[in-house]
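A look at the structure
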Amino acid sequence: MKTEKNLGNCFDHYSFGILIAIELLMSFTFLGYIHLSPISVTIAYLPILVAGCLFGPVQSVIMGTIFGIASMYKATASYVMPSDAVFSPFLSGSPISSLLLSIGTRTLFGLLVGIAFVLVKNKKYYRLWIGVISAVAPKIHSLIVYTTMGILFPELGYNYTSTFQLTFNNVVFMIICVITVEVLWVVYHSDIIQKIKFGINHNNPYASKKMNLFFIIFEFFMLCMAVFSTIYFYQRESYMLEWNEIIVSQKIGADLLLLQIQFLTSLLALNMISIIFLISIYKYMSYKEYKGEIDELTGIMGRRMFLYHCEHVENGWFLFVDADYFKSINDTYGHAVGDKVLREIAMHLQNIFGEDGKVGRLGGDEFAVIIEKSITQQVLEQRLQHFLEMISGILSEKKISCSIGAYEFVFKHKVKDLLAETDEVLYKAKEKGRACYVIKAYDKQNNKTTI
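Everything numeric in this text was worked out from a predicted model, so none of it was measured. (Residues numbered from 1 in each chain as written. Predicted model: local features only at pLDDT ≥ 70, side-chain atom pairs only at ≥ 80, totals over all residues. Heavy atoms only, no water.)

Right, let's get into the overall build of the chain. In terms of regular secondary structure, the chain is built from 15 helices and eight strands. Taking 451 residues into account, the globule formula puts the C-alpha radius of gyration at 22 Å, and the chain, at 33 Å, lies well above it. For the chain, the proportion of its 451 residues judged to be buried stands at 44%. As presented, the chain carries roughly 24700 Å² of accessible surface, and 62% of it is formed by carbon and sulfur atoms. Taking the 39 positively charged and 38 negatively charged side chains of the chain as two groups, their mean positions are separated by 3 Å. (Helix = DSSP H or I, 4+ residues; strand = E, 2+ residues; numbered from the N terminus. Rg over C-alpha atoms; globule rule 2.2 N^0.38 Å. Buried < 20%, exposed > 50% of the residue type's maximum accessible area, 1.4 Å probe, protein only. Areas by Shrake-Rupley, 256 points an atom, 1.4 Å probe, with all protein chains shown as cover. Lys, Arg positive; Asp, Glu negative; His and termini not counted. Charge placed at Lys NZ, Arg CZ, Asp CG, Glu CD.)

Written out as C-alpha cells, the structure is:
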C-alpha cells in the first residue's frame, strides 16, 4: 500500500489553483475590498498570506506576482487617481519604475511572507507565530510599497514613514488577516480535509483517464463561451451608446474594453474554481469506490477490483491460492486466529508477488495473483516454494499450508477463461495431497500449455 508521502500532490495543486482564482476575483471585483463607512479596507492580498502559510515561498511569490499584475492592469484605466496611475507603465511616464512598483514590490512581499512562515514552521508555538506574521504582514507590504514609491516617484510625497501611521482601518485589516489565516490553517490541516486530500491524491484503477480528456474539452468550451460572451457584450454596448447618440471617445472605448476584460477574467476565475471542484469530487468519489473494493480484513484487492484489473492484462501468470483445511483452523483455534492466518497469507503474497503484479482475495480462504511481468517458470517455482516456507510458520501450534495452481497465458484471455484454466490446475494440486503447487506453463515448441 502506498503511503501519503509516495502519492502525488494533486490536492495541494488544486487548492493553490483555487487560491489563484480567488485572488483574481478579489482583485477584479468588490470582494477584495471592504467598504463599511467610515471603514474602507483592502483585503485583496490576503491570498498571498494564505499561500505562504499553507504552501510555501514559491506559491506566495506567484500569488504576489499575480496581485501585482492585477494592480497594474487596473491602474491602466484613464480615470484612476494620480497616486494609482504610477502603478501603470502606460500612464506613469516611467515604465520600468511602474513595473518595479506594481509587480516587483508585491513579488518581494510574497517572498518575504513565504520565507517568514518557513522560518517559524518548526517553532514551538507555531500557531502563535502564524498570528504574528499575519498581523505584521500588512505593515510589511505598506513599508515595501511606500518606500519604493518614495524612491521612484518622490513627487507624490510618499515614503517609508507613511507606513507607521496606525489607523482604525489598519487595525481592522490586521484582525482580518490573523483570523483568516489561522482559520484556514486549522481547516486545511483538519482530519476531514486530510482524508479528502489522501483520497484525491490516491491513484486507483477506477479513475478513468478518459475523464481527464472530458474535463479538458469542457474547460476549453467554457473558455470559448466566456470569450464570445465578452466580445458580444462589448459590441452591443458600443452599439447601444451609438444608438442613443452618445459619442464615445477612443479613451472611453479603451476603458470600456478594460472593464470587459476585467469581467472576463472574473468569469474565468469562477470557471476555474468550478472545474477544480468537479475534478476533485470525481477523483474523491472514484477513491471511495476504490476503497469499497479493498478487502477490509487483508488490505489487498477484493474480488471485483482484482478481476476488473485482470481484464486489461495481456500476458503473464495467473495463480489460485487456497488455504488448506482452513475451516478446521477456524473451528479449532477460533475466528481471530483464522483472520490472522488470512492476513499473513495475503501479506506474504503481496511481499513476494506485489512488485510484479496484483494480489486479490476472491472470498473466504481463496486468493489469486496475476503476474504481469515476464518471469521464467524456474523463478516462479522459487517464489512459490519461498511462499510455502514463509506461511508454514504463521502459527506455532499448527503448520499452515496452501494449495496453488499456476497458469501461464501468452495472449489476452477473458477473465472467466483464466479462472477456469487456473481452477483446473489448482484441482490437480489438491489431488496431489495439498501443500504444494502445480504449474501449467506455455510450451513454445508445441504452441500449447502443459503441466
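Okay, the pairing of strand β6 (residues 402-409) next. When you tally the buried positions in β6, you get eight out of eight residues, the bulk of the element. Of the two faces of β6, both are covered, the one formed by C402, I404, A406 and E408 as well as the one formed by S403, G405, Y407 and F409. Here eight bridges tie strand β3 (residues 316-323) to β6, and the two strands are oriented antiparallel to one another. Across the sheet, W317 pairs through a bridge with E408, a residue of β6. (Pairing = 2+ DSSP bridges.)

Ranked by size, the top nonpolar core spans 50 residues in total, and within it L49 and F109 carry the most contacts. For this core, the secondary structure elements donating two or more residues are α1 (10-28), α2 (46-54), α3 (57-74), α5 (95-119), α6 (126-152), α7 (168-188), α8 (191-201) and α10 (250-292). Here this core takes 11 residues from α1, the largest share from any one element. Once residues within four sequence positions are removed from consideration, F109 is found in contact with Y45, I48, L49, A137, I140, H141 and I144. Counting residues in hydrophobic clusters, the runner-up holds 32 residues, among them I300, V359, I371 and A441. (Core = buried A, V, L, I, M, F, W, Y, C linked by side-chain atoms within 4.5 Å. Contact = heavy atoms within 4.5 Å.)

Structurally, L384 is set in helix α14 (residues 377-391). Put simply, L384 and C436 are 52 residues apart on the chain and 8.8 Å apart in space, counted from C-alpha to C-alpha. Apart from residues lying up to four places away in sequence, L384 is in contact with L319, F353, I404, Y437 and I439.

So, on to α3. Counted at 1.5 Å a residue, the expected span for α3 with its 18 residues is 26 Å, and the 26 Å between its end C-alpha atoms agrees. On its buried face, α3 is in contact with α1, α2, α5 and α6. (Expected span 1.5 Å × (residues − 1).)

Moving on, we come to α6. For α6, which comprises 27 residues, the first-to-last C-alpha distance of 37 Å matches the rise-based estimate of 39 Å (1.5 Å per residue) to within 8%. In α6, a bend of some 35 degrees at A137 exceeds every other bend along the element, and P138, a proline, comes one to four places later. (Bend = angle between axes of the 7 residues up to and from the residue.)

Residue placement: S88 occurs in the loop between α4 (82-85) and α5. Its relative accessible area of 0% is what places S88 among the buried residues. Once residues within four sequence positions are removed from consideration, S88 is found in contact with M72, A75, T76 and S98.

With five of seven residues buried, strand β4 (residues 357-363) lies mostly within the body of the structure. The sheet contact formed by β4 and strand β5 (residues 366-371) spans six bridges and is antiparallel. Counterpart to K358 in the pairing with β5 is I370. Linkage of β4 to β5, two consecutive antiparallel strands, is achieved through a turn of two residues, within which G364 is found at a positive phi near 55 degrees.

Let's shift gears to the environment of T29. Among the structural elements, T29 can be located in the loop between α1 and β1 (33-36). Taking C-alpha positions, T29 is 65 Å from Y407, a pair spaced 378 residues apart along the chain. Polar contacts involving the side chain of T29 include one to the main-chain carbonyl oxygen of L25, which spans 2.4 Å. (Polar contact = N/O pair within 3.5 Å; in protein donor to acceptor, adjacent residues only side chain to side chain.)

Here we take up unusual backbone geometry. For Y325, which is not glycine, the phi torsion reads 50 degrees and is therefore positive. Within the secondary structure, Y325 sits in the loop between β3 and α12 (326-333). On the basis of relative accessible area, Y325 is assigned to the exposed category, the value being 52%. With a phi angle near 55 degrees, A435 is a residue other than glycine that sits in the positive phi range. By the element assignment, A435 lies in the loop between α15 (415-431) and β7 (437-443). Overall, the relative accessible area of 44% leaves A435 in the partly exposed class.

Another point: a nonpolar patch on the surface. Residues L108, L111, L112, I115, L119, Y125, L128, W129, V132, V136 and I140 make up a contiguous nonpolar surface patch of about 970 Å² in total accessible area. Those elements that place two or more of their residues in the nonpolar patch are α5 and α6. (Patch = residues over 30% accessible without salt bridge, like charges linked within 9 Å, V, L, I, M, F, W, Y side chains within 5 Å. Salt bridge = Lys/Arg side-chain N within 4 Å of Asp/Glu carboxyl O.)

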